[in-house]
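# Breakdown of the fold
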Amino acid sequence: MTTNHPTHAGKFYLTKPVFFIGFMGAGKTSISQQIAVTCGVASIDADEYLELREDRIVADIFAEDGEEAFRDIETDVLRDLAKRSPRLIGCGGGVVTKRPVNAQIMKEAGYVVYLKVSADGAAARIPNTDSRPMFKNLETARKTIVEREPQYEAAADVSVDTEGRTIREVADEVVELLLDAGVLVKRD
Ligand code: S3P
């Protein structure tokens, strides 16, 4: 296989956890995975970790126990990940919207990257919105993004536009930003 994008397994390390926030479909998981592969650092999807811990998928937690119960678990998972060894963490889209303490946990422990996307851009990237209880339809998604935008901006150390860009393009920009911030460091 040929690639013009070399991998650098073990060539870099993180000085603190990096939290990716933004609306569903912004690419939080894909972009953190891409950076993990090219830089050789660890990444995790917070919702996947939550599902494993709870032994239930997010949609079932919403359906069986409601959003409040999900948000309580989400905060608990965030605290857990914030104190582990640094990795790239793709957070759920509502992480900074319902529990102010979440933004505090992320700011204190790590570096927060906001990945920006429009509702239309997000819808194009989400193959199956059934797994996303908060993505009801395009009209609601547009309203939700407008409501959440100030919260995402306030919680972020840096914002990156993802609209119409490939995962690799965005990942490369984020790598540069993390290097500049001293959060991602090249080994000697
Ligand atoms: C949510 C986004 C989802 C998941 C849950 C709630 C939201 O995560 O945490 O369905 O409130 O925006 P993704 O952003 O990874 O889809």
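Structure shown above.
Here the residue numbers are simple positions, counted from 1 along each chain's written sequence. Given that the model is predicted, a residue must reach a pLDDT of at least 70 before its local features are reported, and side-chain atom pairs must reach 80 or more before they are shown or counted; all residues, however, enter totals for whole chains, interfaces and linings. With hydrogens and water excluded, all non-hydrogen atoms of the structure serve as input to the side-chain values.

### Some remarks on helix α5 (residues 100-109)
To keep it simple, the criterion reads: Note on exposure labels: buried denotes an accessible area under 20% of the residue type's maximum, exposed denotes more than 50%, and partly exposed covers the range between, all computed with a 1.4 Å probe on protein chains only. Secondary structure elements follow DSSP: runs of H or I no shorter than four residues count as helices, runs of E no shorter than two count as strands, and numbering proceeds from the N terminus. Arc definition: it is the arc formed by the directions from the helix axis to the C-beta atoms. Should any heavy atoms of two residues lie within 4.5 Å, those residues are counted as being in contact.
Taken residue by residue, α5 has Asn102, Ala103, Ile105 and Met106 as its buried positions. Seen end-on, α5 carries its buried residues on one side only, within an arc spanning 160°. Of the residues in α5, the exposed ones pointing more than 90 degrees away from the buried face are Pro100 and Glu108. On its buried face, α5 sits against β2 (18-21), α4 (67-82), β5 (111-116) and α7 (138-155).

### As for the pairing of strand β6 (residues 158-161)
Rule in force here: If DSSP finds at least two bridges between two strands, the strands pair.
Alternating residues of β6 divide into Val158 and Val160, all buried, and Ser159 and Asp161, none buried. Taken together, the four bridges between β5 and β6 define a ladder with parallel strand orientation. In the sheet register, Leu115 faces β6, and the bridge partner there is Val160.

### Things to note about the nonpolar core
Put simply, the rule reads: As used in this record, nonpolar core signifies buried Ala, Val, Leu, Ile, Met, Phe, Trp, Tyr and Cys residues forming a set joined through side-chain atoms within 4.5 Å.
With 58 residues, the main nonpolar core has Ile21, Val113 and Val174 as its most contacted residues. A total of six residues in this core trace back to one element, the largest contributor, which is α4. Excluding anything up to four places from it in sequence, Val113 contacts Val18, Phe19, Phe20, Ile21, Val158, Val160, Val174 and Leu178.

### Thoughts on helix α2 (residues 46-54)
For α2, the complete set of buried residues consists of Ala46, Tyr49 and Leu50. Taken down its axis, α2 places every buried residue within 100° of arc, on the same side. Of the surrounding elements, those touching the buried residues of α2 are β3 (43-45), α3 (58-65), α4 and β4 (88-90). In the stretch just after α2, Asp55 is the one whose phi turns positive, near 60°.

### Here we look at the pairing of β2
Of the two faces of β2, the one carrying Val18 and Phe20 and the one carrying Phe19 and Ile21 are both buried. Both β2 and β4 contribute to a ladder of three bridges, which runs parallel. Of the residues in β4, the one forming a bridge with Val18 is Leu88. Where β2 lies against β5, four bridges are found, and the strand directions are parallel. What sits directly across from Phe19, in β5, is Val112.

### Topic: the site of the ligand
This is how the line gets drawn: To be near a molecule or strand, a residue needs just one of its heavy atoms within 4 Å of it. Any N or O atom pair separated by 3.5 Å or less is treated as a polar contact, with the protein-specific requirement of one donor-capable and one acceptor-capable atom, and with residues adjacent in sequence counted only for side-chain atom pairs. Note that accessible areas follow from Shrake-Rupley with a 1.4 Å probe, and for residues the cover is restricted to the protein chains shown. Cavities and pockets were defined on a 1 Å grid built over protein atoms only: a cavity is a set of grid points that admits a 1.4 Å probe from which the probe cannot escape, a pocket is an open set flanked by protein on both sides within 12 Å along at least five of seven lines, and lining residues are those with an atom within 4 Å of any such point. To qualify as sitting in a cavity or pocket, a molecule needs more than half of its atoms within 2 Å of the grid points. Amino acids are sorted into nonpolar (Ala, Val, Leu, Ile, Met, Phe, Trp, Tyr, Cys and Pro), charged (Asp, Glu, Lys and Arg) and polar (every other residue, Gly among them).
Around the ligand, 13 residues are found, and the nearest of them are Lys28, Asp47, Arg71, Arg132 and Arg148. A distance of 2.8 Å is found between an oxygen atom of the ligand and a backbone nitrogen or oxygen belonging to Gly93. With the chains in place, 95% of the 390 Å² that the ligand exposes on its own is no longer accessible. The pocket occupied by the ligand, as judged from atoms lying within 2 Å of grid points, is the largest pocket. The class makeup of the residues in the shell around the ligand is five nonpolar, three polar and five charged.

### Description of a negative patch on the surface
Selection criterion: Patch membership requires over 30% relative accessible area and the absence of a salt bridge. Like charges are linked within 9 Å, and nonpolar side chains (Val, Leu, Ile, Met, Phe, Trp, Tyr) within 5 Å. The salt bridge definition used is simple: a Lys or Arg side-chain nitrogen within 4 Å of an Asp or Glu carboxyl oxygen. Charge assignment in this entry is limited to Lys and Arg as positive and Asp and Glu as negative, and neither His nor the chain termini are counted. Each charge is placed at NZ for Lys, CZ for Arg, CG for Asp and CD for Glu.
A contiguous patch of negative charge on the surface is contributed by Glu169, Asp172, Glu176 and Asp180. Tracing the sequence through the fold places Asp172 in helix α8 (residues 167-180).

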